[in-house]
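Given next are the chains, with one letter for each unit.
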Amino acid sequence: MESRPLRYFVAVAEELNFARAAERLGISAPPLSRAIRNLEAELGITLFERTTHSVTLTPAGTVLLAEARTALDALQAAGRRAQRAAEPKLVLAVKADGDGGLLESILARYAAEPSAEPVTIRLSGWRDQPSLLRRGEADAALIYEPFDRTGLDTEPVTVERRLAALPANHPLAARDRITLADLGLPPTEQDTQGCLARYLDTIVDRYAIQDLAQLLKLVELGDVVTVLPESVCRRYPRPGIRYREVPDAPPATLSIAWPQQSRSRATAALVRTATSVGAAHG
């Protein structure tokens, strides 16, 4: 199967409108319709239910959409990695202040590795690292659990406590220790870490947060409370914020991730270095 029909299919599946998909692809609607019919004939399945007023995915189309996105991402990633191979370097994706305070130590020790290559740091937004890896825009990433592991291999680097971040005038700030329930974050029996991740994602989306500085300012203003890795709290003391222990909060696990298909000795050396530094730090 060629990539062009898949690109055409993904455009129609995302737009659910042949005219808009054709405009997005820069072609006219008739050849797009023919391409989709040919793809359905090749696969022997119906991908879309079409009426005069709507286009919807069939169950088979829904499955193909997920697989097609993965396949197209893999093709683009292969091209990007091939282009970068002409000038050897390793791209490490890190969210600002999301390295557990270990980045400098990792880079310093990695530079002494026989397989080391020059490292370029790709600063990323909230939870952008997995997609950067899958698209071939980064070779490895430091990222806190949980995250989408599709197509990725991972190793834990370090584990640390989470602390609550409260405005200084918050009633709970007078305590030394508080619970998730005190914060309005009752844990679930099986997925406390996932619950906290979804809570933080909700805050990020609601306030359009771009970085840690914005999050901390919202805490100071009393708009939100949250829990953060201890390394973040240690590096960012603020007069308007109180950090407090949360004994029932799950620990924050920092991992290093890389594409499953990677065969790079430089990337493997970085993974070894990161886990070694993390073990020594712990």
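Conventions we followed
- Residues numbered from 1 in each chain as written.
- Predicted model: local features only at pLDDT ≥ 70, side-chain atom pairs only at ≥ 80, totals over all residues.
- Heavy atoms only, no water.
- Helix = DSSP H or I, 4+ residues; strand = E, 2+ residues; numbered from the N terminus.
- Buried < 20%, exposed > 50% of the residue type's maximum accessible area, 1.4 Å probe, protein only.
- Contact = heavy atoms within 4.5 Å.
- Polar contact = N/O pair within 3.5 Å; in protein donor to acceptor, adjacent residues only side chain to side chain.
- Pairing = 2+ DSSP bridges.
- Expected span 1.5 Å × (residues − 1).
- Arc of directions from axis to C-beta.

K.L.:
Honestly, the environment of R50 in this entry has me stumped. Any pointers?
P.N.:
Secondary-structure assignment places R50 in strand 1 (residues 48-50). Its relative accessible area of 39% is what places R50 among the partly exposed residues. Taking C-alpha positions, R50 is 9.6 Å from L16, a pair spaced 34 residues apart along the chain. Dropping the residues within four chain positions of it, R50 is found in contact with F18, I36 and E40. Only 3.2 Å separates the side chain of R50 from the side chain of E40, close enough to count as a polar contact.

K.L.:
What is the right way to read the pairing of strand 7 (residues 162-167) from this model?
P.N.:
On any regular strand, side chains alternate: one points to one face of the sheet, the next to the other face. Among the 6 residues of strand 7, 6 are classified as buried, and the element is accordingly described as predominantly covered. Neither face of strand 7 is left uncovered, since the one carrying R162, A164 and L166 and the one carrying L163, A165 and P167 both have all their residues buried. Relative to strand 8 (residues 226-229), strand 7 is paired through 4 bridges, and the arrangement is antiparallel. Bridge pairing links R162 to P229 in strand 8. In terms of strand pairing, strand 7 meets strand 9 (residues 241-245) through 5 bridges, oriented antiparallel. Within strand 9, the residue paired with L166 across the bridge is R242.

K.L.:
What's the story with helix 3 (residues 29-43) in this structure? I'm lost.
P.N.:
Residue pairs three or four apart in sequence face the same way in an α-helix, which turns once every 3.6 residues. Between its terminal C-alpha atoms helix 3 stretches 21 Å, which fits the 21 Å expected from 15 residues at 1.5 Å a residue. Buried within helix 3 we find L32, A35, I36, L39 and E40. Summarising the axial view, the buried residues of helix 3 lie within an arc of 135°, below the 170-degree limit, and thus occupy one face. Along helix 3, exposed side chains directed more than 90 degrees from the buried face belong to N38, A41 and E42. G44 sits one or two positions beyond helix 3 and adopts a positive phi of about 75°.

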